[in-house]
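Residue-level listing of the chains:
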Amino acid sequence: MNILITGGSSGLGKAITQKLAEDKGNRVYFTYYKSAGSAKEISSRFANAIGIKCNFCNKDDVKSLVSQIAEMNLEVLVNNAYSGVFLKGHFHKVSSSDFLTEFEKNIIPTIEIAQAAISLFRKKRQGKIITVLTAALFDIPIGASMYVANKAYLEKLTKVWASENAKYNITSNSVSPSFMQTALTADTDERIIEQMVNEHPLKRLLTVEEVAETVLFLTHASAQLNGVDIIMNAAT
Ligand SMILES: NC(=O)c1ccc[n+]([C@@H]2O[C@H](COP(=O)([O-])OP(=O)(O)OC[C@H]3O[C@@H](n4cnc5c(N)ncnc54)[C@H](OP(=O)(O)O)[C@@H]3O)[C@@H](O)[C@H]2O)c1
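What this report covers is the structure whose coordinates are included nearby.

**Structural notes on the pairing of strand β3 (residues 49-53)**
Inspection of the sheet shows strand β2 (residues 27-32) paired to β3 by 5 bridges, in the parallel sense. Pairing of Val 28 across the sheet is with Ala 49, part of β3. Each parallel crossover has a hand, and the one from β2 via helix α2 (residues 36-45) to β3 is right-handed.

**So, the side chain of Asp 229**
Following the sequence through the fold, Asp 229 ends up in strand β7 (residues 229-232). The side chain of Asp 229 sits in the buried core without any salt bridge; Lys 159 is the nearest counter-charge, 6.0 Å away. At 2.8 Å, the side chain of Asp 229 forms a polar contact with the side chain of Ser 174. Here the side chain of Asp 229 touches Ser 176 through a polar contact of 2.9 Å, side chain to side chain. Not counting residues within four places of it along the chain, the set of residues in contact with Asp 229 comprises Leu 133, Phe 138, Lys 159, Ser 174, Val 175 and Ser 176.

**As for helix α1 (residues 11-21)**
Residues spaced three or four apart along an α-helix point in a common direction, a consequence of the helix completing one turn every 3.6 residues. By the criterion of burial, α1 is predominantly enclosed, with 9 of the 11 residues buried. What α1 keeps buried is the set Leu 12, Gly 13, Ala 15, Ile 16, Thr 17, Gln 18, Lys 19, Leu 20 and Ala 21.

**A few points about empty space enclosed by the protein**
If you walk through the whole model with that rule in mind, you get 1 cavity of 30 Å³ or more. Around the largest cavity, the lining residues are Thr 6, Asn 79, Asn 80, Ala 81, Thr 110, Thr 131, Val 132, Lys 151 and Leu 154. When residues of the lining of the largest cavity are traced back to their parent elements, those giving at least two are β5 (127-132) and α5 (145-165). Tallied by class, the residues present in the lining of the largest cavity amount to 3 nonpolar, 5 polar and 1 charged.

**So, the layout of surface pockets**
The gaps left among the atoms become clear once a water-sized probe is rolled over them. Taken as a whole, the second largest pocket encloses approximately 190 Å³ of empty space. Lining the second largest pocket, in full, are Phe 56, Cys 57, Asn 58, Lys 59, Val 62, Lys 63, Glu 104, Lys 105, Ile 108, Pro 109 and Glu 112. Among the secondary structure elements, those contributing two or more residues to the lining of the second largest pocket are α3 (59-72) and α4 (96-124). For the lining of the second largest pocket, the element with the most residues is α4, which contributes 5 residues.

**Things to note about the pairing of β2**
Every regular strand shows the same layout, with side chains that alternate between the two sheet faces. With respect to burial, β2 is a largely interior element, 5 of its 6 residues being buried. Regarding topology, α1 serves as the crossover connection from strand β1 (residues 2-5) to the parallel β2, and that connection is right-handed.

**Brief notes about the packing of aromatic side chains**
With the rule as written, the count across this model stands at 4 aromatic pairs. On the numbers, 5.0 Å between centres and 80° between planes, the contact of Tyr 82 with Tyr 147 is edge-to-face. Of this pair, Tyr 82 sits in the loop between β4 (76-79) and α4 while Tyr 147 sits in helix α5, and the two are 65 residues apart along the sequence. Judged by its relative accessible area of 7%, Tyr 147 is buried. An aromatic cluster is built from Tyr 82, Phe 86 and Tyr 147, whose rings are joined through pairwise contacts.

Rules used in this analysis
- Residues numbered from 1 in each chain as written.
- Predicted model: local features only at pLDDT ≥ 70, side-chain atom pairs only at ≥ 80, totals over all residues.
- Heavy atoms only, no water.
- Pairing = 2+ DSSP bridges.
- Helix = DSSP H or I, 4+ residues; strand = E, 2+ residues; numbered from the N terminus.
- Right-handed = clockwise from strand over helix to strand, strands pointing away.
- Buried < 20%, exposed > 50% of the residue type's maximum accessible area, 1.4 Å probe, protein only.
- Lys, Arg positive; Asp, Glu negative; His and termini not counted.
- Salt bridge = Lys/Arg side-chain N within 4 Å of Asp/Glu carboxyl O.
- Polar contact = N/O pair within 3.5 Å; in protein donor to acceptor, adjacent residues only side chain to side chain.
- Contact = heavy atoms within 4.5 Å.
- 1 Å grid on protein atoms, 1.4 Å probe; cavity = no way out; pocket = protein on both sides within 12 Å on 5 of 7 lines; lining within 4 Å.
- Points joined across faces, edges and corners; volume = space filled by probe spheres on them.
- Nonpolar A, V, L, I, M, F, W, Y, C, P; charged D, E, K, R; others polar.
- Phe/Tyr/Trp six-rings, centres within 6.5 Å; stacked < 30°, edge-to-face > 60°.

Here it is, written out as structure tokens:
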């Protein structure tokens, strides 16, 4: 399979890139922005993994990535990158311009990349879109209004992609992980982390490898599995 993962050089994205590159039959394209060293390391470990620099805040970078999608001859798109912050403060203290900027640098690039992938998938009558959302959509943390609002927007787009394209053998599913220890959550107070572990039914936090396994499953899933969100929070 030819696969593109956005933000595939660090955190969860790196785990996904590596998991999918283990299959030598896959050609795995992944974008990176700041994690250039890690991108190099991944490409040297996996001959089938190709890093592409793309800063979502740079329109030319996004345009260039979009223009390469047809020649990548993709079968799978994994929307993983998030170029914003998790916690910003209480909603009433966040400026509307911050909301706009966060939207422009996360949602607009994701829309443009997905449009290019869907146009290709429709011609091929085949394709899978897998989008990383968040379990914070269902158990909303204080101070995460911008993050949750952006993910909620994406959540609805994943359903639109599923319903508009099902007859072309294209699926759109998502995964909603609970808290994982990555750069995005690196500022979390260790006492909060301890509390989350204690309150967790498994007494341990979700790992990026566990989510990467779920993404791997979705890359192989039947086209009958469409419009589904897999919430990974160990809740019963
Ligand atoms: N950590 C959690 O608790 C958690 C929970 C649920 C969902 N998620 C989701 O999981 C996904 C990955 O996040 P993570 O936890 O792995 O955090 P992370 O390590 O901070 O990953 C964020 C990714 O986005 C990329 N990125 C950041 N700024 C960018 C920019 N301006 N342009 C393009 N790419 C950019 C980063 O690439 P570079 O490193 O190359 O700059 C990185 O690969 C996100 O969609 C996040 O919302 C995370």
